[in-house]
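Geometric and topological summary
Now for the letters of each chain:
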Amino acid sequence: MDEPEGAEAYALSDFSEVNQRFVDRLVEIAGPVERARALDLGTGPGDIPLRVIKAQPGWSIVAVDASGPMLTLARKAARKARAGRGIRWVLADAKRTRLPAHSFDVIFSNSILHHVSDPIALWREVKRLAKPGAMILFRDLSRPRSVAEARRIVTRYGGVGPELMQRDYFNSLRASWTPAEVKKQLASAGIRGLKVEMISDRHWDAWGVLSLT
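Everything numeric here is computed off the predicted structure, so don't read it as measured data.

Topic: helix α2 (residues 16-30)
With 15 residues, α2 extends 21 Å from end C-alpha to end C-alpha; this agrees with the ideal 21 Å at 1.5 Å per step. Taken together, the buried positions of α2 are Asn19, Phe22, Val23, Arg25, Leu26 and Ala30. Projection of α2 onto a plane perpendicular to its axis shows the buried side chains occupying an angular sector of 160 degrees, all on one side. Along α2, the residues that are exposed and aim more than 90 degrees away from the buried face are Glu17 and Glu28. Against α3 (47-55), β4 (104-110), β5 (130-141) and β8 (203-209) lie the buried residues of α2. Taken from the residues just after α2, Gly31 is the one with a positive phi, measuring 75 degrees.

Description of the pairing of strand β2 (residues 60-65)
Counting buried positions over the six residues of β2 gives five, a clear majority of the element. Bridge count between strand β1 (residues 37-41) and β2: five bridges; the pairing is parallel. Looking across to β2, one finds that Asp40 is bridged to Ala63. Viewed along the sheet, the connection from β1 through α3 into β2 turns out right-handed. Where β2 and strand β3 (residues 87-91) come together, five bridges link them in parallel fashion. Note that in β3 the partner of Ala63 across the bridge is Trp89.

Conventions and cut-offs
- Residues numbered from 1 in each chain as written.
- Predicted model: local features only at pLDDT ≥ 70, side-chain atom pairs only at ≥ 80, totals over all residues.
- Heavy atoms only, no water.
- Helix = DSSP H or I, 4+ residues; strand = E, 2+ residues; numbered from the N terminus.
- Expected span 1.5 Å × (residues − 1).
- Buried < 20%, exposed > 50% of the residue type's maximum accessible area, 1.4 Å probe, protein only.
- Arc of directions from axis to C-beta.
- Contact = heavy atoms within 4.5 Å.
- Pairing = 2+ DSSP bridges.
- Right-handed = clockwise from strand over helix to strand, strands pointing away.

Shown next as structure tokens:
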């Protein structure tokens, strides 16, 4: 969402519950790691890294997004929360971040993959950025089997939101990848060690200790 209006609509939507569940899952699979250099790809308005730094104050987080308006909202949220000291906000394409290779202990992302035209390039960038044995957690929507099913999901989970967000949700569902497709992407990128499984009726997780081949 490069337009300020779209970014603002997204930021005003209430994703607090789903974002907290993602953070809880991240902390759970990371285990008792008090200090880590972490990377958030597709940070959006920054709610997730702000929640992560609250749960793991010893972590240092680089939060990347390709949208200037989104990062403006993220920095504003960090100042309001007085919690952004451990977060560095970076404007960059997640497929070509230009960040140092093999420099992150933890790499996470919530709902970036369906925005990416070349997912294998994104996974290759993850491979380049990860330290050996890095912990990975990606979560995204899974493409429904039909347009009718996508509309049912929008009605059930996004039917009370702004019309702009309902339309974006529908388009995101239709642009998403299935777990089987994600597994093929990982293999093509030379990544092993990650599990890919459905964790709800509309989301999958890819997680684990990254093995490079």
